[in-house]
Amino acid sequence: MTCNIEEVIWNGERKYYCTTHRSPAFDKENNKLEKCLSKNKSAYDNIIEMKKEDIKEIVLIYPNLLESVKGKILINDREIGILKIDNSIFEVRDFGGLLLSLLNDITLKEEKCPICGHIHSDDGKFAYSPHDTHLCMYCGNLFDVKEANVGNELSTIFDIPKIELKNNMIDVKEKCTLKYNVLKGALEINEEDCNKIIINKKEYLLVDYLNKLLYDEY
């Protein structure tokens, strides 16, 4: 899918935003780019439109976090690029944001963009850091809210259970595969339930490790 780049104003400055791939499209000098900065453009060539009632299972997988934060989404055991439900769009970063919010015990707020009306989602570092200025991923505009909060549109469509991690530590060696079954609230590292991991003889709380690793995935 080709970029659709539109002009937006952020804090009085002219910027550019791609509404196709939901990503900024300007350089360090705020000049308009020919293509946006999305790291996930190829996923938009595999948009699957579904009804909520037809979705029985959603699984987010990061095949090896030791090498990459590139993840994949499985819907009803079928890998997809982008999930579309009515007018809502979801990609890996939205599921990753949901995961971070739940692990950090964030209460998600339903907040609508006052300009385009879409429900707001926070990903990466914003998924666990309440803030009062939000960037709408759909139209690219900034908007302010009265109280600092975090949102995720997935939680307004599905009944998302909490993630209860087992008090367990595993030693991660050559591979760190994360599997998150969204509708069951089940999270596994290398097929084990744990709340701590050891990497290169260093111990981490799983939530702290994922916060740092997915910090820039927004």
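Residues numbered from 1 in each chain as written. Predicted model: local features only at pLDDT ≥ 70, side-chain atom pairs only at ≥ 80, totals over all residues. Heavy atoms only, no water.

Let's talk about the overall build of the chain
Within the chain, the regular secondary structure consists of three helices and 16 strands. A globule of 218 residues ought to have a C-alpha radius of gyration of about 17 Å, and the chain, at 18 Å, matches this closely. When its C-alpha atoms are laid out on the principal axes, the chain stretches across 50 × 40 × 35 Å. Counting all 218 residues of the chain, 48% fall into the buried class. Put simply, of all contacts in the chain between residues at least 6 apart along the chain, 56% involve residues at least 24 apart. Mean positive and mean negative side-chain charge positions of the chain (30 and 38 charges, respectively) differ by 2 Å. (Helix = DSSP H or I, 4+ residues; strand = E, 2+ residues; numbered from the N terminus. Rg over C-alpha atoms; globule rule 2.2 N^0.38 Å. Buried < 20%, exposed > 50% of the residue type's maximum accessible area, 1.4 Å probe, protein only. Contact = heavy atoms within 4.5 Å. Lys, Arg positive; Asp, Glu negative; His and termini not counted. Charge placed at Lys NZ, Arg CZ, Asp CG, Glu CD.)

Overview of the pattern of salt bridges
Counted by the stated rule, this structure contains eight salt bridges. One salt bridge in this structure joins Asp171 and Lys173, with 3.1 Å as the shortest N-O distance. According to the relative accessible area criterion, Lys173 is exposed, its value standing at 62%. (Salt bridge = Lys/Arg side-chain N within 4 Å of Asp/Glu carboxyl O.)

Let's talk about the environment of Leu74
Here Leu74 shows up in strand β6 (residues 72-75). Considering only alpha carbons, one finds Leu74 and Val145, 71 residues apart in sequence, at a separation of 34 Å. With residues up to four places along the chain from it excluded, the contact list for Leu74 reads Glu57, Ile58, Val59, Ile61 and Glu79.

Notes on the packing of helix α1 (residues 92-103) against helix α3 (residues 206-213)
Orientation of α1 relative to α3, taken along the N-to-C sense of each, is 145°, at an axis distance of 10 Å. Seen along the crossing, α1 lies across α3 with a hand that is left-handed. Packed against α1, whose contacting residues are Leu99, Leu100 and Leu103, the element α3 presents Val207, Leu210 and Asn211 at the interface. (Axes fitted to C-alpha atoms, helices over the stretch in contact; angles between N-to-C directions. Left-handed = near helix turned anticlockwise from the far one by under 90°.)

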